[in-house]
Amino acid sequence: MITDAYRKMQKSTVFSLLVLTVLVSQRTSSSTEPEREPSVATTLDSFQVHGDFSIRAVANEPLVLDPISAKLDPFGRLWVIEMPDYPTGPPETESPNGRLKVLLDKNGDGVFDTASIFASK
């Protein structure tokens, strides 16, 4: 049975993943001059959100690095695929170094506190 808390977290996760995507895309934008990465607060402030909704970061660096996908499970855990070699892949002499992390919100405040590597390579 899916709880109301799970449904609320699913909705907030959609926005959270959007923030992760924005941070990653801004970080990988091509430029001849190195740019300073925007802060999480700056990125969040750049969104226009309908008054019935709110947006906040629930996971960011150093808990998550180079995310490309994430899924929230019915137990409130966030499963994140990290791929530091995306989009070009690893050098020919190296194996892929992607990993699957599981993030937990141990104190129940809606922000993930811990991450552990579930699988790598």
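If you're wondering where the values come from, they're calculated on a predicted model, not measured in any experiment.

Undergrad: Residue-level account of the sheet that holds strand S1 (residues 67-72), with values.
TA: Pairing is antiparallel across the open sheet formed by 4 strands, whose spatial order is S1-S2-S3-S4. Bordering the open sheet on either side are S1 and strand S4 (114-120), each of which pairs with just one other strand. Direction aside, neighbouring strands of the sheet carry axes that sit 25° apart on average. With 5 bridges connecting them, strand S2 (residues 78-82) and strand S3 (residues 99-104) associate as antiparallel partners. The residue of S3 that forms the bridge with Leu78 is Leu103.

Undergrad: Can you explain the pairing of S2? Please cite residues and give values.
TA: Side chains Leu78, Val80 and Glu82 project from S2 onto a buried face, and the interleaved Trp79 and Ile81 project onto a face without burial. The pairing of S1 with S2 spans 5 bridges and is antiparallel. Residue pairing across strands places Ser69 opposite Ile81, the latter belonging to S2. A loop of 5 residues connects S1 with S2, the two strands running antiparallel in sequence, and Gly76 in this loop sits at a positive phi of about 85°.

Calculation criteria
- Every chain's residues receive numbers from 1 upward, in the order its sequence appears when written.
- Only residues with pLDDT of 70 or above have their local features reported here, since the model is predicted, and side-chain atom pairs are shown and tallied only from 80 upward, although totals for entire chains, interfaces and linings are computed over all residues.
- No hydrogens and no water enter the side-chain calculation; it runs on all heavy atoms of the structure.
- Whether two strands pair depends on DSSP finding at least two bridges between them.
- Helix numbers and strand numbers start at the N terminus; a helix is a DSSP run of H or I with at least 4 residues, a strand a run of E with at least 2.
- A fitted line through C-alpha atoms represents every axis, and for helices the fit uses only the stretch in contact; the resulting angles, taken between N-to-C directions, go from 0 to 180 degrees.
- When accessible area is computed with a 1.4 Å probe and restricted to protein chains, residues below 20% of their type maximum are described as buried, those above 50% as exposed, and intermediate ones as partly exposed.

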